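Overview (structure and organization)
Listed below are the residues making up each chain.
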Amino acid sequence: MQAPRLRAGGRAFAHIAQFHPELTALRRDLHAHPELGFEEVYTARRVREALRVCGVDEIHEGIGRTGIVALVRGRSTSSGSMIGLRADMDALPMSEHNDFAWKSCKPGLMHGCGHDGHTTMLVGAARYLAESRNFDGTAVLIFQPGEEGYAGARAMIEDGLFERFPVQSVYAMHNWPAMKPGTVGLNPGAMMAAADRVTIEIQGRGGHGAHAYQATDVVLVAAHIITAAQSIVARNVRPIESAVISLCAVQAGDMGAFSVLPGSARIVGTVRTFDAAVQDLVEKRLKDLCSAIALGFGATATVHYERIYPATINTEDEATFAAEVAESLVGADHVVRDLEPSMGAEDFSFMLQARPGAYLRIGQGTGASGGGLHNSRYDFNDDILPLGAALHAGLIERAMPLATP
């Protein structure tokens, strides 16, 4: 057996490292067969097969459509405790430009965010926990569909996840190319921003480009809105708080009709915030601003503001606990306890709204290709599989310790 290149301390890591090649094979198989949210049929089947081989106590399917929950009971369950661990399973609608043997076999689909690795790390933890059972309580292993824009976490919760499996706390981790392999990062607060979708519908009066005075130019209105929207954060949000407004796409007119002024335009974009009060402020100011600008040009503008994912906020006690578990594996020098939050979004936020918990980042580096997340040359770093699995397992063993004789 080839020894893992990445080293860490603890019994769990040493145990899991023994089946590192098997985890690598599973991860690469999942990478080769990517599936979008709520379409993870092959992935769910492979996870189910692996969990049965692992010897988990129960497997529950179809939670949140294609989600799976596995239970592993400790050597004792007298504590009555239940701790949840979550991994996301879905891929992205993007083409892969890698040339290794396990690249995507599905055109236009790719595991460009490492969910294949997240799933595999949780399977590795399941095997270790089922073989050792060195804890007092029940480990609830949550394999979640549809993180990439489908709100699969919310779907599982609405399907009774926490009523059926009433965990006291829940944890998740995500690989992070910007951090070196063997490092872990988190903070006791905001980890990821809320993600909102904005659609601005502008209505005016179309006409001939040579007679613009007879029309109401929605393209001009759109241009003013795009420019003025950037003043909302600069002149309304306190500098010590954070917000991003990005208007990312515009549709208006026909590119083949160079002298026709369209009668309508649409702008689509996103807003990112950490604080609910800032989120409310940005929504109100954006609606007021768009309406006023359009009115000034004799047009109308309607803002459809959709709150997609809330901010991912770690609870303080659970974040501190998770950092201590990470330090026991990789040492205090390799754990960042004040990791800078990301303006990206994550639907684990729904679970953290329902239960205390923490979201961690596990360093994986950029690899030989240098590809970051959502990059067509991205690939998960298989060297970190045993560490991620051991970190999952450590959260269970430390949160639900066996009584000392």
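Look up a bit, the structure's there.
So, here's what we can say about the structure. (Residues numbered from 1 in each chain as written. Predicted model: local features only at pLDDT ≥ 70, side-chain atom pairs only at ≥ 80, totals over all residues. Heavy atoms only, no water.)

Attention shifts here to the overall build of the protein. For the protein, the count of helices and strands is eleven helices and 16 strands. Against the globule reference of 22 Å for 405 residues, the protein gives a C-alpha radius of gyration of 24 Å, in line with a compact fold. Taken along the three principal axes of its C-alpha coordinates, the protein extends 85 × 45 × 40 Å. By residue count, 55% of the 405 residues in the protein fall in the buried class. (Helix = DSSP H or I, 4+ residues; strand = E, 2+ residues; numbered from the N terminus. Rg over C-alpha atoms; globule rule 2.2 N^0.38 Å. Buried < 20%, exposed > 50% of the residue type's maximum accessible area, 1.4 Å probe, protein only.)

Two elements in contact, helix 4 (residues 115-132) and helix 11 (residues 385-399), have axes whose closest approach is 8 Å; the angle formed by their N-to-C orientations is 50 degrees. Relative to helix 11, the element helix 4 is oriented oblique. Relative to helix 11, the crossing made by helix 4 is right-handed. Packed against helix 4, whose contacting residues are Gly117, Thr120, Met121, Leu122, Gly124, Ala125, Tyr128, Leu129 and Ser132, the element helix 11 presents Leu385, Gly388, Ala389, His392, Ala393, Ile396 and Glu397 at the interface. (Axes fitted to C-alpha atoms, helices over the stretch in contact; angles between N-to-C directions. Parallel < 35°, antiparallel > 145°, perpendicular 65-115°, else oblique. Left-handed = near helix turned anticlockwise from the far one by under 90°. Contact = heavy atoms within 4.5 Å.)

What follows concerns the layout of surface pockets. Quantified by volume, the largest pocket comes out at close to 540 Å³. Along its surface, the largest pocket is lined by 31 residues, and Glu148, Gly149, Arg272, Ala345 and His374 are the ones closest to its centre. Secondary structure elements with two or more residues in the lining of the largest pocket: strand 5 (169-176), strand 8 (194-203), strand 12 (264-273), strand 13 (300-309) and strand 16 (357-363). Sort the elements by how many residues they give to the lining of the largest pocket and strand 12 lands first, with four residues. Residues belonging to the lining of the largest pocket are distributed by class as follows: 16 nonpolar, eight polar and seven charged. (1 Å grid on protein atoms, 1.4 Å probe; cavity = no way out; pocket = protein on both sides within 12 Å on 5 of 7 lines; lining within 4 Å. Points joined across faces, edges and corners; volume = space filled by probe spheres on them. Nonpolar A, V, L, I, M, F, W, Y, C, P; charged D, E, K, R; others polar.)

Summarising the element assignment, Asn175 is placed in strand 5. At a separation of 3.0 Å, a polar atom in the side chain of Asn175 contacts the side chain of His118. There is a polar contact of 2.9 Å between the side chain of Asn175 and the side chain of Tyr378. (Polar contact = N/O pair within 3.5 Å; in protein donor to acceptor, adjacent residues only side chain to side chain.)

Another aspect to go through is the environment of Leu387. Within the secondary structure, Leu387 sits in helix 11. Residues Leu387 and Ala12 lie 375 residues apart in sequence; the distance between their C-alpha atoms is 9.0 Å.

Our focus in this paragraph is the nonpolar core. One finds Val69, Leu141 and Phe143 to be the most contacted residues of the largest nonpolar core, which totals 91 residues. If we ignore the near neighbours within four places in the chain, the residues touching Val69 are Glu58, Ile59, His60, Ile63, Val140, Leu141, Ile142, Met156, Leu161 and Phe165. Counting 28 residues, the second largest nonpolar core, distinct from the first, contains Val198, Ile200, Val278 and Ile293. (Core = buried A, V, L, I, M, F, W, Y, C linked by side-chain atoms within 4.5 Å.)

Our focus in this paragraph is the pattern of salt bridges. Within this structure, the stated rule accounts for 23 salt bridges. Between Asp29 and Arg46 there is a salt bridge; the shortest N-O distance is 2.8 Å. Placement of the pair is Asp29 in helix 2 (residues 20-32) and Arg46 in helix 3 (residues 41-54), with a sequence separation of 17 residues. Residue Asp29 shares its accessibility class with Arg46, and that shared class is buried. The partner of Arg307 in a salt bridge is Asp280, with the nearest N and O atoms 2.7 Å apart. With Arg307 in strand 13 and Asp280 in helix 8 (residues 276-296), this pair connects stretches of sequence that are 27 residues apart. By relative accessible area, Arg307 is classed as partly exposed at 37%. You can call Asp280 partly exposed: its relative accessible area is 41%. Three or more residues are tied together by salt bridges with common partners; here these are Arg27, Arg28, Asp116, Asp379 and Asp382. (Salt bridge = Lys/Arg side-chain N within 4 Å of Asp/Glu carboxyl O.)

Time to look at the state of the cysteines. Taken as a whole and judged by the stated rule, the model has zero disulfides. Of all cysteine sulfurs in the structure, the one in Cys248 sits closest to Cys113, which takes part in no disulfide; the separation is 18 Å. Assessed through its relative accessible area of 7%, Cys113 is described here as buried. Classification of Cys248 by relative accessible area gives exposed; the value is 58%. (Disulfide = S-S within 2.5 Å.)

The strand order across the open sheet formed by eight strands is 1-2-4-3-5-16-6-15, and the pairing between neighbours is mixed. Edge positions in the sheet fall to strand 1 (58-63) and strand 15 (335-336), since each has one partner strand and no second. Relative to strand 16, strand 5 runs parallel, the two being bridged by seven bridges. Paired with Ala172 across the two strands is Tyr359, which belongs to strand 16. Here helix 4 sits on the sheet in contact with strand 2 (67-73), strand 3 (82-88), strand 4 (138-144), strand 5 and strand 16, set at roughly 145 degrees to strand 3. (Pairing = 2+ DSSP bridges.)

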